[in-house]
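Structure assessment
Below are the chains, spelled out letter by letter.
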There are 2 protein chains.
Amino acid sequence: MELTYDNTGFKITHKGRVVLKHSETNPALYLGVGQSTFDMYRGNFDIKDYLTERLPLKQFTVTENAEDYVITLSLNGQGALIARVFETAEQRLKIEFTSLDETYNRFWIRIAATEDELVYGCGEQLSYFNLRGKNFPLWSSEPGVGRNKNTYTTWQADVKDKAGGDYYNTNYPQPTFVSDKKYFCHLETTAYADFDFTHALYHELQCWSIPEYLLFDAEASFPELMTNMTDVFGRQPALPEWVYNGVILGIQGGTEITLNKIAAAKEAGIEVAGVWCQDWQGIKMTSFGKRLQWDWQWNAALYPELDTKIHQLKEQGIRFLGYINPYVLQDFPLYNEAQRQGYLATQSDGSKYLVDFGEFYCGVVDFTNPDACAWYKDIIRHNMIDFGLDGWMGDFGEYLPTDCTLFNGESAEIEHNKWPYRWAKVQHEAIAEAGKTNDILFFMRAGGTGIQGYCHALWAGDQSVIWEKDDGLASVIPAALSAGLMGNGISHSDIGGYTTLHGNRRSKELFQRWAEMAAFTPIMRSHEGNRPDDNHQYDTDAETMAHLARMTKIYKHLKPYIRSAVIENATKGMPVQRPLFMHYEQDSEAYHIQYQYLFGRDLLVAPVYNQGETVKQLYLPEDEWVHVWSGKVFMGGWVEVDAPVGQPPVFYRKQSKDARLLAEISRY
Amino acid sequence: MELTYDNTGFKITHKGRVVLKHSETNPALYLGVGQSTFDMYRGNFDIKDYLTERLPLKQFTVTENAEDYVITLSLNGQGALIARVFETAEQRLKIEFTSLDETYNRFWIRIAATEDELVYGCGEQLSYFNLRGKNFPLWSSEPGVGRNKNTYTTWQADVKDKAGGDYYNTNYPQPTFVSDKKYFCHLETTAYADFDFTHALYHELQCWSIPEYLLFDAEASFPELMTNMTDVFGRQPALPEWVYNGVILGIQGGTEITLNKIAAAKEAGIEVAGVWCQDWQGIKMTSFGKRLQWDWQWNAALYPELDTKIHQLKEQGIRFLGYINPYVLQDFPLYNEAQRQGYLATQSDGSKYLVDFGEFYCGVVDFTNPDACAWYKDIIRHNMIDFGLDGWMGDFGEYLPTDCTLFNGESAEIEHNKWPYRWAKVQHEAIAEAGKTNDILFFMRAGGTGIQGYCHALWAGDQSVIWEKDDGLASVIPAALSAGLMGNGISHSDIGGYTTLHGNRRSKELFQRWAEMAAFTPIMRSHEGNRPDDNHQYDTDAETMAHLARMTKIYKHLKPYIRSAVIENATKGMPVQRPLFMHYEQDSEAYHIQYQYLFGRDLLVAPVYNQGETVKQLYLPEDEWVHVWSGKVFMGGWVEVDAPVGQPPVFYRKQSKDARLLAEISRY
């Protein structure tokens, strides 16, 4: 790193990239005072800030030491903020911040930018892959139903449930971005943040606390950058081998239904790796649809004999997955125990604090309390792992209310964005302590900084069963790409989508297009949706089953290829689904493609995400690409291929060492 | 006034009211820097502010002089703002502001408040009468279609035309509020402002420039406060005598249609004071509906013989009203002349600037150019007054774009909110110079500070033809009350509403309820709406005509009573439609009634604004009230009366000196 300064300003560069440019007329740093209000309704937040002060830190002094530079930034002649600038042992640029006045609870930093720069990341982003030209509030929440104020779905969701959301709402925000200039920039904070990429000459990063530090590093290539970043944030373990054996079928309704559905699926030629029964612990009906009984233990009434059947299934090569989240249902046994032990978040006076999840109320297990973590790990261990579950959906994590009181004394506003990380860590450790990391799969939708090392897989959350770009099939592509650039290289989605509300019902075509995409993601898993009867299901008709059977065979056929990509992710942080520019950095068009991806190094996938579309226009970076269905070779550029249902637009690289395996996709 | 101070703060009081309380820890004044963007689409503005600095002016010094106090507020030890505090000759508190640094373009001042205080005004407000608990951006614009993000009308208007609006959108904003503590507070600025009444202990007034001054005064009663305020802002002249003779019928379609409709109306017993033919200068069809040919001269093709008929009508006691606005239609004669003479606002390079009014484009007459004003006054004089028009709708005034260049060199962002005032002044002077102030009526929807002295009457703008509270019949009541408290005591509305879009069509019941209310406003005037064929009209059936006939007879019967209220407005600034607390200041409930009003001193009107409602619950302040239809006497409180169509809930004060006249309402 390099720091130069004179009387009027300073400049920090690292590995050839200008990071900060500060002058009295264009300060790079501001402090301020604001009063926030967070109004939560079932995971949807109405967040307001009454900003009373925003103060430019114009004056500064620099002290050069052997190991670092210390910049003191001043206000009214008084030191206000200390920035310690140094290079870490790993040669990353780090700037640690210390405020000299506790009044300040707002912080802005302007990272030097160029007008043509493109940026990505900020966690899992569903509407935009390239983030330039917009700002991104970073606060873990429901992702929104519709997510676009111009759609009727969004309007209905807003009016009925305050749940419409907007382009930036996400279960997984992270205050980190990646630039097309091959650097990453991370602000270490779990406070509410807002990264603003609308300015020509700087990116303005805001957070509602003084961040611990800024971390910045650059590399010569994107793959190297991925390794660098995952050295920082952690890497996902490889997937259990059984996952590659086929689809994980989302089934509900009890032991008999599950066994029957498995038999029927096999009969139809569907390759089944497992079944995922989210209602393994019983159900609860609400107006939203079927909900689950959040008291994490086998429900023998709904799943009789599951304690034995689960092992028989495993012997037949079918794994059984369940469901858990970090909340316990009021007045049920686990809640009562946690309440008795003091393991739940409370009101400020210590009295009970319940969160409204839509017609039922739950306690929040307080993961800042090590004893509560140990208790929850025990539950996972005994009720789930020891019972025989081979995985689960680790749902939620976004609902920590800002006005509850926590064991560690930290403000819930600061803990909120950290909660998904804490939740992942509890699950990961429960599995690791059972020695099952290589055999158990769990997947989460919520996320945040550091989750990479704990959460085995993401799923893209609750898409609506629609074709709209901001909340449907298409949206899971930028979600996987942005999360992948953050180091979460294993993502997947509910085949067919989930949210079945406001007149939206899943069509056969949507289910099929989604299944076609899922065959080219690290995990195939179906979901019935919140109102199963309104949705087309994988077993609604024989044609759908036959189509899914083909897709699962393709997926299974690709097992060695996918496994190798997954291992690359586990060892080098290289995401399984990759943006085109990952391997084609000279291709300027590649930086603007948000609905296609490379699946591993050598497959290019361009999912059909428009209803009724059977001819697909898509972009190929310069290379020799073989269209798997026609065998036709393309050399790059915008091309058009036939894409009837059953033939998703997929290409393999002719030079691939796996070319033979990949060419065989067309056999199915 | 009184100013006390010590080392830590100062306090300004006036007539027993604390106005400002300043201390280092709770500063009353802030300066800042922001970059605004105003994105206008057909009068709807998307306004954003990128606030880069907000600086508390903590330090201060006070200099006491014979005539004033001079407070110097400092920042970083440097003087930033001078506040000259003094009492005017009229014993009002005035605080003049001078910024010592031109960088600052944002200003905040906190007016001391109490938690229970209620406030009103801010121009014409359609959704809220009591403004406490909300903030009110003050920027003249289209008022919005629907005006409530929870309504389907609003959503459609937003998605199709960016036109849905919100609770604060108004044609007439004014940076002035009135408190239930019987004071008014005015910030003299035409910049974008935002008055925030959400805080317990202060009202925070923001504007995007340094305001010239703050003006504050208090009185012992609300009527005295009205006189005080209208001494400052001006008063409307009395209405021409002919107005009281009946309804002004909104008619379109040419001379023959007009004459036929007048004859039919008279035949049906409708008292007709005039006809208002907005298409007197010809029409233009667009997808929105019929629009007018904005080239302000008689269209002989559509209105043959109008030059003679207009005088014949006048002899028969029927006045003819037209239409004008401050824009000229591209490529038509007036536009060409204005363009040649340099009377139109331009681009910054002097080239032509056109405003999109929805499928047609117009030049903006530059009222900062005295020659342009003189030219437009001449057009009004010759083409309208001399032609024989006895009035007109003086439409628009809200569309001054912020990026045009004006003759006086002032920023269009600063001129924007002043434009309605300039537009009113041109019309008023054209009439006054013709010696016709007592005989010509014009009415505007746009407004701003000082329009009181120039605009003869307001109308409440373009309501949708619906029952919804934010944009329908109900909304014109708070509109009249808030505008009245600003000194615009003569307001009225389009009987039946105007905007006929998004599936909304005017029903018979809505027309009738609106006509019933209009009989108890200073002016009765109907409008066909933007899509006349979709609306129920006054002459759609005999029953509607008979109902309207009764209402016009009641209105005409009240002529002496209304005239006397109008004169009180012209001489003392006492609005004709008054909030209940105007005369019942001890009644705490009266301050919360926004859908009822006193019509003059002695009539209480509670319009039916809900579809299908035939029994009305309403509030009466403590007094002896006689229900006009039943003769039943009420002593105050919440009461219930029958209110079938034809019997609007109206009460007169038994002690009224006009009791006999008022009792006779029931004869009709």
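So, how was this worked out
Residues numbered from 1 in each chain as written. Chains lettered and ligands numbered in written order. Predicted model: local features only at pLDDT ≥ 70, side-chain atom pairs only at ≥ 80, totals over all residues. Heavy atoms only, no water. Helix = DSSP H or I, 4+ residues; strand = E, 2+ residues; numbered from the N terminus. Rg over C-alpha atoms; globule rule 2.2 N^0.38 Å. Buried < 20%, exposed > 50% of the residue type's maximum accessible area, 1.4 Å probe, protein only. Contact = heavy atoms within 4.5 Å. Areas by Shrake-Rupley, 256 points an atom, 1.4 Å probe, with all protein chains shown as cover. UniProt positions renumbered as here; feature names shortened; annotations may be inferred. Buried area = accessible area lost by both parts, 1.4 Å probe. Salt bridge = Lys/Arg side-chain N within 4 Å of Asp/Glu carboxyl O. Polar contact = N/O pair within 3.5 Å; in protein donor to acceptor, adjacent residues only side chain to side chain. Nonpolar A, V, L, I, M, F, W, Y, C, P; charged D, E, K, R; others polar. Pairing = 2+ DSSP bridges. Axes fitted to C-alpha atoms, helices over the stretch in contact; angles between N-to-C directions. Parallel < 35°, antiparallel > 145°, perpendicular 65-115°, else oblique. Domains from an automatic or database assignment. Core = buried A, V, L, I, M, F, W, Y, C linked by side-chain atoms within 4.5 Å. Arc of directions from axis to C-beta. 1 Å grid on protein atoms, 1.4 Å probe; cavity = no way out; pocket = protein on both sides within 12 Å on 5 of 7 lines; lining within 4 Å. Points joined across faces, edges and corners; volume = space filled by probe spheres on them. Least-squares fit on C-alpha atoms with pLDDT ≥ 70 in both.

1. Let's talk about the overall build of chain A
Of regular secondary structure, chain A possesses 13 helices and 37 strands. Computed over its C-alpha atoms, the radius of gyration of chain A comes to 25 Å, within 12% of the 26 Å expected for a compact globule of 668 residues. Dimensions of chain A, computed from C-alpha atoms along their principal axes, come out at roughly 80 × 65 × 50 Å. Counting the 668 residues in chain A, one finds 65% classified as buried. Contacts in chain A between residues at least 24 apart in sequence constitute 70% of all its contacts with a sequence separation of at least 6. Split by element, the accessible area of chain A, about 22,500 Å² in all, is 45% carbon and sulfur.

2. Comments concerning the UniProt feature "domain: Glycoside hydrolase family 31 TIM barrel" (unreviewed entry) in chain A
Sequence positions flagged by UniProt for "domain: Glycoside hydrolase family 31 TIM barrel" (unreviewed entry) are, in local numbering, residues 260-563 of chain A. Between the C-alpha atoms that bound residues 260-563 of chain A the distance is 30 Å, and the span itself is 34% helix and 13% strand.

3. Points about the interface of chain B and chain A
With 20 residues of chain B at the contact, the number on the chain A side is 20 residues. Here chain B and chain A share an interface that buries about 1,700 Å² over both sides, 53% of which is from carbon and sulfur atoms. Sorting the residues of chain B by area buried against chain A places Tyr 50, Arg 54 and Trp 155 of chain B first, and these three jointly supply 34% of that buried surface. Seen at the junction of chain B and chain A, the total is zero salt bridges. Here chain B is connected to chain A by eleven residue pairs in polar contact (both at pLDDT 80 or more). The greatest single-element share of the side of chain B that touches chain A, amounting to seven residues, is contributed by strand 5 (residues 44-56) of chain B. Along the lines of polarity and charge, the residues of the side of chain B that touches chain A split into nine nonpolar, five polar and six charged.

4. Section: the pattern of salt bridges
Going through the model one piece at a time under the given rule, you end up with 85 salt bridges over all chains. Lys 48 of chain B serves as the salt-bridge partner of Asp 46 of chain B, at 3.2 Å between the closest nitrogen and oxygen. Asp 46 of chain B gets classed as partly exposed once you look at its relative accessible area, which sits at 36%. Several salt bridges share partner residues, and in doing so they unite Glu 142, Asp 395, Glu 398, Arg 445 and Asp 462 of chain A into one network.

5. Details of the sheet that holds strand 7 (residues 69-75) of chain A
Residue and element names in this part refer to chain A. Reading across the sheet, the eight strands line up as 6-7-8-9-17-14-13-11 and stay open at both edges, with antiparallel pairing between neighbours. Every interior strand has two partners, whereas the edge strands, strand 6 (59-64) and strand 11 (119-123), have only one. Within this sheet the neighbouring strands show an average axis-to-axis angle of 20°, counted without direction. Bridge count for strand 14 (residues 183-188) against strand 17 (residues 213-218) is six bridges, and the pairing is antiparallel. Counted as the bridge partner of Glu 188 is Tyr 213 from strand 17.

6. Side note on the side chain of His 428 of chain A
All names here are of chain A. Along the polypeptide, His 428 turns up in helix 8 (residues 419-433). At 3.4 Å, the side chain of His 428 and the backbone oxygen of Tyr 454 are in polar contact. Not counting residues up to four positions away in its chain, the partners in contact with His 428 are Thr 437, Phe 442, Gly 453, Tyr 454 and His 456.

7. A look at the packing of helix 10 (residues 508-518) of chain B against helix 11 (residues 542-557) of chain B
All names here are of chain B. Relative orientation of the contacting elements helix 10 and helix 11 amounts to 10°, with a least axis distance of 9 Å. As judged from the angle between their axes, helix 10 and helix 11 are roughly parallel. The residues of helix 11 that touch helix 10, namely those facing Lys 508, Phe 511, Gln 512, Ala 515 and Glu 516, are Glu 543, Thr 544, His 547, Leu 548 and Met 551. Its residues assigned to classes, the contact of helix 10 with helix 11 comprises four nonpolar, three polar and three charged.

8. Looking at the pairing of strand 8 (residues 78-87) of chain B
On a regular strand, one side chain projects to one face of the sheet and the next to the other, so that they alternate. Residue and element names in this part refer to chain B. Both strand 7 (residues 69-75) and strand 8 contribute to a ladder of seven bridges, which runs antiparallel. If you follow Ile 71 over to strand 8, its bridge partner there is Ala 83. Of the strand pairs in this sheet, strand 8 and strand 9 (residues 93-99) are connected by seven bridges, and their pairing is antiparallel. Residue pairing in the sheet places Phe 86 in a bridge with Lys 94 of strand 9. In this structure, the hairpin formed by strand 8 and strand 9 is closed by a connection of five residues, where Gln 91 is found at a positive phi of approximately 65°.

9. Overview of the domain arrangement of chain A
Residue and element names in this part refer to chain A. Split by domain assignment, chain A resolves into domain 1 (2-233), domain 2 (241-326 + 368-576) and domain 3 (581-667). Listed as interface residues are 53 residues of domain 1 and, on the opposing side, 50 residues of domain 2. Summing the contributions of domain 1 and of domain 2, the shared interface buries around 4,000 Å²; its carbon and sulfur component is 58%. Joining domain 1 to domain 2, the criterion identifies one salt bridge. Connecting domain 1 to domain 2 are 25 residue pairs in polar contact (both at pLDDT 80 or more).

10. Details of the nonpolar core
The biggest cluster of nonpolar side chains holds 167 residues, and the ones touching the most others in it are Trp 294, Tyr 376 and Phe 520 of chain A. A per-element tally of this core places helix 6 (residues 370-385) of chain A first, with eight residues. Contact partners of Phe 520 of chain A, with chain neighbours within four places excluded, come to Ile 554, Leu 558, Gln 577, Tyr 597, Phe 599, Leu 603, Val 605, Pro 648, Val 650 and Ile 665 of chain A. By size, the runner-up hydrophobic cluster in this structure holds 165 residues, among which are Val 243, Ile 248, Tyr 303 and Val 605 of chain B.

11. Let's talk about the environment of Pro 607 of chain A
Residues and elements named next belong to chain A. Residue placement: Pro 607 occurs in the loop between strand 32 (603-605) and strand 33 (615-620). Separated by 25 residues in the primary sequence, Pro 607 and Lys 632 place their C-alpha atoms 18 Å from one another. Setting aside anything within four residues of it in sequence, one finds Pro 607 in contact with Ile 477, Met 517, Tyr 595, Tyr 597 and Lys 616.

12. Some remarks on helix 5 (residues 333-341) of chain A
All names here are of chain A. Buried within helix 5 are the following residues: Leu 334, Tyr 335 and Ala 338. Seen end-on, helix 5 carries its buried residues on one side only, within an arc spanning 100°. Positive backbone phi, at 75°, marks Gly 342, one or two positions downstream of helix 5.

13. A closer look at the packing of helix 11 (residues 542-557) of chain A against helix 12 (residues 559-572) of chain A
Residue and element names in this part refer to chain A. In contact at an axis separation of 5 Å, helix 11 and helix 12 are set at 60° when each is read in the N-to-C sense. Relative to helix 12, helix 11 is oriented oblique. Of the residues in helix 12, those in contact with Tyr 555, Lys 556 and His 557 of helix 11 are Lys 559, Pro 560 and Ile 562.

14. Quick word on the sheet that holds strand 24 (residues 355-356) of chain B
Residue and element names in this part refer to chain B. The sheet built from three strands is open, its strands ordered 23-25-24 with antiparallel pairing. The strands lining the two open edges of the sheet, one partner per strand, are strand 23 (327-329) and strand 24. Sheet topology places strand 24 next to strand 25 (residues 361-364); two bridges connect them, and they run antiparallel. Its bridge partner lying in strand 25, Val 355 is registered against Cys 362.

15. Focus: the layout of surface pockets
Considering only enclosed or pocket space, the second largest pocket measures out at about 910 Å³ in volume. The wall of the second largest pocket is formed by 41 residues, among which Glu 53, Leu 55 and Asn 76 of chain A together with Pro 56 and Lys 58 of chain B lie closest to the centre. The set of elements that each furnish at least two residues to the lining of the second largest pocket consists of strand 4 (29-41), strand 5 (44-56), strand 7 and strand 8 (78-87) of chain A together with strand 5, strand 7 and strand 8 of chain B. The element that contributes the greatest number of residues to the lining of the second largest pocket is strand 5 of chain A, accounting for five residues.

16. Thoughts on the relation of the copies chain B and chain A
Note on the copies: chain B fits chain A at an RMSD of 0.0 Å, the axial shift is 0.0 Å, and the rotation between them is 180°. The transformation just described matches what one would write down for a two-fold rotation axis. In this assembly the copies share their binding face: 100% of the residues contributing to the interface of chain B also contribute to that of chain A.

17. What to know about unusual backbone geometry
Backbone phi values are negative for most residues with the exception of glycine, while trans is the configuration of most peptide bonds. Residue and element names in this part refer to chain B. At Cys 122, a residue that is not glycine, the phi angle is positive and equals roughly 60°. With respect to the element layout, Cys 122 can be found in strand 11 (residues 119-123). Positive phi, close to 60°, is recorded for His 502, a residue that is not glycine. Relative to the elements of secondary structure, His 502 occurs in the loop between strand 29 (491-492) and helix 10. With relative accessibility at 16%, the residue His 502 sits in the buried group.

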